[in-house]
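Summary of structural features
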Amino acid sequence: MEEQDGPGRELNAYERVLAEDRRVVREMLRVSVGSAHAGLAMTLFVVALFAVIGGVAWALIVGGAVAFWFAVALIMVVGRGRRGWAAVTRAYLLTFGWAGWL
């Protein structure tokens, strides 16, 4: 009996459990555009709160940090091969998608 390699082969018990664990983690960490919109709204609220309480300088610092995070996420996504709106959408989800976990 020959042992097969590749995508068409039967998984052993360990590989089945590992695949199921990965599926559960992917499902748990999944974010949607709606939750990213909520994250953007919360971020804008916090930046506005910093502007009112701490002054414009603090709002620029916090807003700049968020913009920097978005730029880094966009650079990473483009570096991994996504282009155009797909890259912008993925970076948007990476930057603001945390609201789905609240």
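As a reminder, the structure under discussion sits directly above these lines.
Here we summarise the structure given alongside this text. Small disclaimer: the values here were computed from a predicted structure and weren't measured.

The secondary structure content of the protein amounts to four helices and zero strands. Sequence-ordered secondary structure for the protein, helices as α and strands as β, is α-α-α-α. In summary, the protein has a C-alpha radius of gyration of 20 Å against a globular reference of 13 Å for 102 residues, an excess of more than 25%. C-alpha atoms of the protein, sized along the principal axes, occupy 75 × 30 × 20 Å. A buried classification covers 17% of the 102 residues belonging to the protein. For the protein, contacts bridging at least 24 residues in sequence account for 57% of all contacts bridging at least 6.

Here we take up the side chain of Thr-95. Position of Thr-95 relative to the elements: it lies in helix H4 (residues 84–96). Take Thr-95: its relative accessible area is 6%, and that puts it in the buried class. Setting aside anything within four residues of it in sequence, one finds Thr-95 in contact with Val-66, Trp-69, Phe-70 and Ala-73.

Our next topic: the pattern of salt bridges. Across all of its chains, the model carries one salt bridge by this definition. Residue Arg-23 is joined to Glu-20 by a salt bridge in which the shortest nitrogen-to-oxygen separation is 2.6 Å. Placement of both Arg-23 and Glu-20 in helix H1 (residues 13–28) is noted, with a separation of three residues, approximately one turn of the helix. For Arg-23, a relative accessible area of 38% puts it in the partly exposed group.

About the criteria used
Residues numbered from 1 in each chain as written. Predicted model: local features only at pLDDT ≥ 70, side-chain atom pairs only at ≥ 80, totals over all residues. Heavy atoms only, no water. Helix = DSSP H or I, 4+ residues; strand = E, 2+ residues; numbered from the N terminus. Rg over C-alpha atoms; globule rule 2.2 N^0.38 Å. Buried < 20%, exposed > 50% of the residue type's maximum accessible area, 1.4 Å probe, protein only. Contact = heavy atoms within 4.5 Å. Salt bridge = Lys/Arg side-chain N within 4 Å of Asp/Glu carboxyl O.

Interpretation note: all reported values are geometric properties and have no functional meaning in isolation.
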